[in-house]
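# Commentary on secondary and tertiary structure
Chain by chain, the residues run as shown.
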Amino acid sequence: MDIKKISEMDRKSVLHPFTQLHDHAAKKYGEVTIVDGAKGIRIRDANGREYIDALAGLYCVNIGYGRTEVAEAISRQAHKLAYYHTYAGHTTDELAKLSDRLIKIAPSGMSKVFYGLSGSDANETQVKLVWYYNNLRGQPKKKKIVARERGYHGSTIVSGSMTGMSFYHDNMDLPVSGILRTGAPTYYWGAHPGETELQFSERRAKELEELIVREGPETVGAFIAEPVLGSGGLTPPPEGYWAAVQAVLRKYDVLLIADEVVTGFGRTGEMFGSHKYNINPDLITVAKGLTSAYAPLSACIVGQRVFEVLEAGAQKVGVFSHGYTYSGHPIGVAAANATLDILEREDLAGNAARVGEYFQKRLFEALGQSPIVGQIRGVGLMAAVEFVADPEKKERFDPSLKVAARVSNAARERGLIARALPHGDIIGFTPPLTMTNAEADEIVGIAREAVSQITKELG
Ligand code: PLP
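Reading the values: the criteria
Residues numbered from 1 in each chain as written. Predicted model: local features only at pLDDT ≥ 70, side-chain atom pairs only at ≥ 80, totals over all residues. Heavy atoms only, no water. Pairing = 2+ DSSP bridges. Helix = DSSP H or I, 4+ residues; strand = E, 2+ residues; numbered from the N terminus. Axes fitted to C-alpha atoms, helices over the stretch in contact; angles between N-to-C directions. Contact = heavy atoms within 4.5 Å. Domains from an automatic or database assignment. Buried area = accessible area lost by both parts, 1.4 Å probe. Parallel < 35°, antiparallel > 145°, perpendicular 65-115°, else oblique. Left-handed = near helix turned anticlockwise from the far one by under 90°. Salt bridge = Lys/Arg side-chain N within 4 Å of Asp/Glu carboxyl O. Buried < 20%, exposed > 50% of the residue type's maximum accessible area, 1.4 Å probe, protein only. Near = heavy atom within 4 Å. Polar contact = N/O pair within 3.5 Å; in protein donor to acceptor, adjacent residues only side chain to side chain. Areas by Shrake-Rupley, 256 points an atom, 1.4 Å probe, with all protein chains shown as cover. Nonpolar A, V, L, I, M, F, W, Y, C, P; charged D, E, K, R; others polar. Core = buried A, V, L, I, M, F, W, Y, C linked by side-chain atoms within 4.5 Å. Patch = residues over 30% accessible without salt bridge, like charges linked within 9 Å, V, L, I, M, F, W, Y side chains within 5 Å.

What follows concerns the sheet that holds strand β4 (residues 110–116). Taken together, seven strands build an open sheet; the order of strands is β4-β10-β9-β8-β7-β5-β6 and the sheet is mixed. Edge positions in the sheet fall to β4 and β6 (179–182), since each has one partner strand and no second. Pairwise comparison of adjacent strand axes, ignoring direction, gives a mean angle of 20° for this sheet. The pairing of strand β9 (residues 283–286) with strand β10 (residues 298–303) spans four bridges and is classified as antiparallel. The residue bridging Thr285 from the neighbouring strand is Cys300, located in β10. Each of β4, β5 (144–148), β7 (220–225), β8 (255–259), β9 and β10 touches helix α6 (residues 119–136); the most contacted strand, β10, lies at about 25° to it.

A few words now on the domain arrangement of the protein. Split by domain assignment, the protein resolves into domain 1 (33–63 + 347–458) and domain 2 (69–345). Computed from C-alpha atoms alone, the centre-to-centre distance between domain 1 and domain 2 is 27 Å. The interface is formed by 38 residues belonging to domain 1 together with 38 residues belonging to domain 2. Carbon and sulfur atoms supply 63% of the area buried between domain 1 and domain 2, which totals about 3,000 Å² over both sides.

Here the focus is the packing of helix α5 (residues 93–105) against helix α13 (residues 330–345). Where α5 contacts α13, the axes come no closer than 9 Å and their chain directions differ by 40°. The orientation of α5 relative to α13 falls into the category oblique. Here α5 runs over α13; the crossing is left-handed. Residues Glu94, Leu95, Lys97, Leu98, Arg101, Leu102 and Ile105 of α5 form the contact with α13, whose participating residues are Val333, Ala334, Ala336, Asn337, Leu340, Asp341 and Glu344.

Looking now at the pattern of salt bridges. Following the criterion strictly, the structure yields 26 salt bridges and no others. We note a salt bridge from Arg204 to Glu207, for which the minimum N-O separation is 2.8 Å. With a gap of three residues between them, Arg204 and Glu207 both fall in helix α9 (residues 197–215), about one helical turn apart. Of the residues examined, Arg204 reaches a relative accessible area of 12% and is grouped as buried. In this structure Glu207 comes out as partly exposed when scored by relative accessible area, which is 25%.

Here the focus is the site of the ligand. In the vicinity of the ligand, the residues found are Ser118, Gly119, Ser120, Asn123, Tyr152, His153, Gly154, Glu226, Asp259, Val261, Val262 and Lys288. A distance of 2.7 Å separates a nitrogen atom of the ligand from a polar side-chain atom of Asp259. Measuring from an oxygen atom of the ligand, one finds a side-chain N or O atom of Lys288 at 2.8 Å. Surface burial for the ligand is 84%, taken as the share of its 390 Å² of free accessible area covered by protein chains. With three residues, the single largest contributor to the shell around the ligand is α6. A breakdown of the residues in the shell around the ligand according to their chemical character gives three nonpolar, six polar and three charged.

Next up on the list: unusual backbone geometry. Outside of glycine, negative phi angles account for most residues, and trans bonds account for most peptide bonds. A cis geometry characterises the amide bond from Leu174 onward to Pro175, with omega recorded as 0°. In this fold, Pro175 is placed in the loop between α7 (157–162) and β6. A positive phi angle, close to 65°, is found at Asn171, a residue other than glycine. With respect to the element layout, Asn171 can be found in the loop between α7 and β6. For Asn278, which is not a glycine, the phi torsion comes out positive at approximately 50°. By the element assignment, Asn278 lies in the loop between α11 (273–276) and β9.

Our next topic: the nonpolar core. Membership of the largest hydrophobic core comes to 67 residues, with the highest contact counts inside it found for Phe265, Phe359, Phe387, Leu416 and Phe429. The residues that make up this core include at least three from each of domain 1 (33–63 + 347–458) and domain 2 (69–345). Setting aside chain neighbours within four positions, we find Phe387 in contact with Ile372, Val373, Gly374, Phe397, Val403, Ala404, Val407, Asp425, Ile427 and Val451. Listed in part, the 29 residues of the second largest apolar core include Val228, Ala244, Leu249 and Val254.

Mapping Arg377 onto the fold places it in strand β11 (residues 373–379). With a relative accessible area of 7%, Arg377 lands in the buried category. In contact with Arg377, not counting residues within four places along its chain, are Gly233, Leu234, Thr235, Pro236, Gln360, Met382, Ala383, Ala384, Glu386 and Ile426. Among the polar contacts listed, one links the side chain of Arg377 to the backbone oxygen of Leu234, at a separation of 3.2 Å. Reaching out from Arg377, the side chain makes a polar contact with the side chain of Gln375 at a distance of 2.6 Å.

Here we take up a nonpolar patch on the surface. Together, Met1, Ile6 and Met9 make up an exposed nonpolar region whose accessible area comes to about 310 Å². Here Ile6 lies in helix α1 (residues 3–13). Exposure remark for Ile6: the relative accessible area of 33% places this residue in the partly exposed category.

Have a look at this one:
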């Protein structure tokens with residue numbers, strides 16, 4: 001492969017997501033990284049250099065790279081029937097099987113599955129479903145959506161608006177109206193002095209209640225949240241959080257959308273984050289782990305309570321006028337069924353629980369005493385290390401020092417991909433759920449060296 005030529009073609013013709021466009025064009029970081037192959041938890045670039053991908057792509061390659069079983073399922077499907085649409089009740093055998101399977105493994109009370117291609121489009125659909133549901137049941141004002149600070153729900157117009165980090169909005173004319181914001185479930189930063197986790201959770205629930213009452217419960221349609229905060233900090237919920245929040249939602253008849261795009265399919269150590277935290281959602285968003293990213297596929301899993309209204313309303317309004325050419329695309333569906341076969345056969349949720357516990361223990365041993373580490377946290381195979389200038393006083397670093405980005409770069413130079421999360425000085429680890437204890441040791445060893453290098457640099 002002519003790396004220089006590919007690199008030039010890329011610079012000339014690709015508009016990359018989440019990339020500094022000028023620096024990329026100006027080659028500030030040298031040649032582009034051409035990813036050329038992958039196996040297990042490792043990727044390989046065009047120079048033949050290997051990296052441990054402790055992020056599983058973008059928290060999505062749950063079954064690990066290079067699983068030929070999925071490639072073969074995709075190939076079989078492409079040879080048999082590469083495409084047909086699912087409009088007007090058309091289906092394929094694999095689509096019906098996948099949907100039946102999803103309803104069975106999802107939290108109880110789910111009824112139907114609608115398919116898209118990305119987490120962002122699925123969350124757009126969720127909002128339309130909330131609006132449609134409330135129109136059909138004669139509550140046309142009940143449309144506002146409450147989302148949390150630091151939540152991540154995608155980057156399209158409404159999904160991006162629900163995302164609660166301002167740099168996703170700046171210069172993009174977001175958020176659109178009708179999106180309300182409530183506090184993040186981040187006890188470490190948000191707790192008042194002396195407040196217990198439980199008290200903090202109750203305060204967050206009270207703030208949510210006050211917001212709903214202030215806006216008028218008849219105008220608030222849904223609350224959207226990730227069971228475990230993902231891109232906003234890989235932060236498990238504080239004790240009592242979900243019980244307190246769900247009580248408020250029930251009281252004001254506000255639907256709960258569980259955004260399980262990251263937490264779905266084993267990442268927390270249970271099949272869904274909703275199982276882990278006793279969440280009873282009305283609508284569930286899944287993507288990423290559904291196919292382990294072997295093909296694009298997302299889904300909105302619709303609860304019985306919502307579907308009953310949609311079905312009854314159809315007699316009045318006719319066709320459900322929403323969908324995509326690629327809804328239920330056979331290639332994505334084949335990838336999903338093959339992925340779920342592996343996930344279940346190899347008990348990858350169980351592995352995430354076991355290896356996740358070991359991984360966190362090792363992170364604590366390696367970094368718990370570091371003078372620049374404020375908190376190490378996680379659940380299953382989601383873990384984060386948050387850096388602070390003074391762990392005693394919980395003082396942040398000056399953002400211009402770019403501490404997490406530097407740790408991430410130092411790790412990369414040593415062959416480990418660990419992401420600097422966009423909000424605060426945090427590096428995140430969300431490796432494939434196939435990870436072994438020995439691989440966890442390897443990651444921790446490199447992370448320790450990277451943190452120690454940056455600690456020295458910071459003096
Ligand atoms: N929801 C959550 C919780 C996510 O983490 C993401 C992506 O990281 C999305 C939605 C958006 O998914 P996509 O990038 O496939 O649009």
